[in-house]
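Residue-level listing of the chains:
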Amino acid sequence: FVSNRYAKGSDPANWLHIDPATGNISFITVPDRESEYVVNGTYTATILAINNDDVPSTTATGTIVLRVEDTNDNIPIIKNLQPCICDNTKSLSVTAFDPDQSPFGAPFKFTVLDGNWKIGKTEGNTAELQSLKELWPGTFKLPVKVEDNQGSGEVHNLDVKVVECTKKQPDCSLTKLGGGAVLGASAIGLMVLGSLLLLRKC
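Worth saying up front: this structure is predicted, and the values here are computed from it rather than measured.

What is the right way to look at the overall build of the protein chain in this model?
Within the protein chain one finds 1 helix and 15 strands. Looking at the protein chain residue by residue over its 202 residues, the buried ones come to 25%. Here the protein chain has roughly 12900 Å² of accessible surface; of this, 54% comes from carbon and sulfur atoms.

In structure tokens form, the structure reads like this:
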């Protein structure tokens, strides 16, 4: 009768449990295809069988290769929840991300829950939101629902910042002052520093 004991050699995601007496393998948790340890849909672990009768003891190594199927365990997430656009434009591009593979990921369905906006061109994981009214400098909330190819999703509240633009690209570091003056982030920082120095002198 050979006396063996069993142990894990490698199990990087810690998904497996090995019975040290019988070598039976069970799962501690459900494997996730999006894990960093899953490569091309497969997960690899090793099991050690240690013969206690040998002096010194001998070890045999077995390799387990698991094929991990994808499930719809994620919903699309909008990457940028605080977009910034120019006041002279009427469109906003929104991109969502979902780590699930097809058919549980893209293409996504975008729905804007504001009567002043509509969905324009949609392509894969990106949609163009179009305003039906003129935009004025300031910040406002824009609720957008994003669903994956199976209809799973949720509403995301965007904090949209609208700024005055003299160029095509908005400079969102600018803060408007009374009288039309504009200060950049560095100038604002200098003002704060100056105020602190004055307080210190007082």
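So what exactly am I meant to see when it comes to the sheet that holds strand E6 (residues 77–78) here?
The pairing of strands in a sheet happens through backbone hydrogen bonds and is either parallel or antiparallel. In spatial order, the strands read E6-E8-E11-E10; together these 4 strands make up an open sheet with antiparallel pairing. What marks the edges here is a single partner per strand, and that holds for E6 and strand E10 (117–123).

Which parts of the structure should I look at to understand the sheet that holds strand E1 (residues 4–10)?
Spatial strand order, E1-E4-E5: 3 strands in an open sheet with antiparallel pairing. The sheet terminates laterally at E1 and strand E5 (58–67), the two strands that pair on one side only. Adjacent strand axes in the sheet meet at a mean angle of 25°, parallel and antiparallel pairs treated alike. Inspection of the sheet shows strand E4 (residues 42–51) paired to E5 by 10 bridges, in the antiparallel sense. Among the inter-strand pairings, Ala49 is bridged to a residue of E5, identified as Ala60.

Just checking my understanding: could you explain the environment of Gln150 for this structure?
Residue position: Gln150 is located in the loop between strand E12 (138–147) and strand E13 (153–163). On the accessibility criterion, Gln150 (45% relative accessible area) is partly exposed. Considering only alpha carbons, one finds Gln150 and Asn72, 78 residues apart in sequence, at a separation of 8.2 Å.

Explanation requested: the pattern of salt bridges in the structure shown.
Summed over the entire model, instances satisfying the criterion amount to 4 salt bridges. Residue Asp11 is joined to Lys8 by a salt bridge in which the shortest nitrogen-to-oxygen separation is 3.0 Å. Under the relative-accessibility criterion, Asp11 is labelled buried at 12%. Classification of Lys8 as partly exposed rests on a relative accessible area of 32%. With a closest N to O distance of 2.6 Å, Lys141 and Asp159 form a salt bridge. Remark: Asp159 occurs in strand E13 and Lys141 occurs in strand E12; sequence separation between them is 18 residues. Classification of Lys141 by relative accessible area gives exposed; the value is 53%. What makes Asp159 partly exposed here is its relative accessible area of 25%.

Even after reading the chapter, I still don't get the packing of aromatic side chains, so can you show me in this structure?
Taken as a whole and assessed by the stated rule, the structure comprises 3 aromatic pairs. Ring geometry for Trp15 against Tyr43: centres 4.3 Å apart, planes inclined by 40°, an arrangement best described as tilted. Taken together, the positions of Trp15 in the loop between E1 and strand E2 (16–18) and Tyr43 in strand E4 put the pair 28 residues apart, joining distant regions of the chain. Here Trp15 matches Tyr43 in class, with each residue buried.

How should the nonpolar core be read in this particular structure?
A general feature of soluble globular proteins is that nonpolar side chains tend to end up buried together. If you look at the biggest cluster of nonpolar residues, it comprises 18 residues, and the most contacted ones within it are Leu92, Phe110, Leu129, Leu142, Val144 and Leu158. Looking at this core, the elements with two or more residues in it are strand E8 (91–97), strand E9 (109–112), strand E11 (126–131), E12 and E13. Judged by nonpolar contacts, the second largest core, of 11 residues, contains Leu16, Ile18, Val38 and Tyr43.

Would you mind showing me how to read the state of the cysteines here?
What we call a disulfide is simply a covalent bond connecting the sulfur atoms of a pair of cysteines. Applying the stated criterion across every chain, the model contains 1 disulfide. The disulfide bridge from Cys86 ends at Cys165, spanning 2.1 Å between sulfur atoms. When the S-S torsion is -95°, as for the bridge of Cys86 with Cys165, the disulfide is left-handed. Of this pair, Cys86 sits in strand E7 (residues 84–86) while Cys165 sits in the loop between E13 and strand E14 (175–176), placing them 79 residues apart in sequence. On the accessibility criterion, Cys86 (4% relative accessible area) is buried.

Criteria and thresholds
- Residue indices begin from 1 for each chain and proceed along its sequence in written order.
- In keeping with the predicted nature of the model, local features appear solely for residues at pLDDT of at least 70, side-chain atom pairs appear and are counted solely at 80 or more, and the whole-chain, interface and lining totals rest on all residues.
- Hydrogen atoms and water are omitted, and side-chain values are computed over all heavy atoms in the structure.
- Under the DSSP-based scheme used, a helix requires at least four consecutive residues in state H or I and a strand at least two consecutive residues in state E, with every element numbered from the N terminus.
- Buried, partly exposed and exposed residues are distinguished by accessible area as a fraction of the type maximum, computed with a 1.4 Å probe on protein chains only: under 20%, between the cut-offs, and over 50%, respectively.
- Each accessible area value is a Shrake-Rupley result obtained with a 1.4 Å probe; residue values ignore everything except the protein chains displayed when judging cover.
- The criterion for strand pairing is that DSSP finds at least two bridges linking the strands in question.
- Helix axes are fitted to C-alpha atoms over the stretch in contact, other axes to C-alpha atoms as well, and angles between N-to-C directions run from 0 to 180 degrees.
- The term salt bridge refers to a side-chain nitrogen of Lys or Arg lying within 4 Å of a carboxyl oxygen of Asp or Glu.
- Put simply, two rings from Phe, Tyr or Trp (the six-membered ring, in Trp's case) pair if the centres are within 6.5 Å, and we call them stacked under 30 degrees between planes, edge-to-face over 60, tilted for the rest.
- To define a nonpolar core, start from buried Ala, Val, Leu, Ile, Met, Phe, Trp, Tyr and Cys residues and group those joined through side-chain atoms within 4.5 Å.
- Any cysteine sulfur atom paired with another within 2.5 Å is treated as part of a disulfide.

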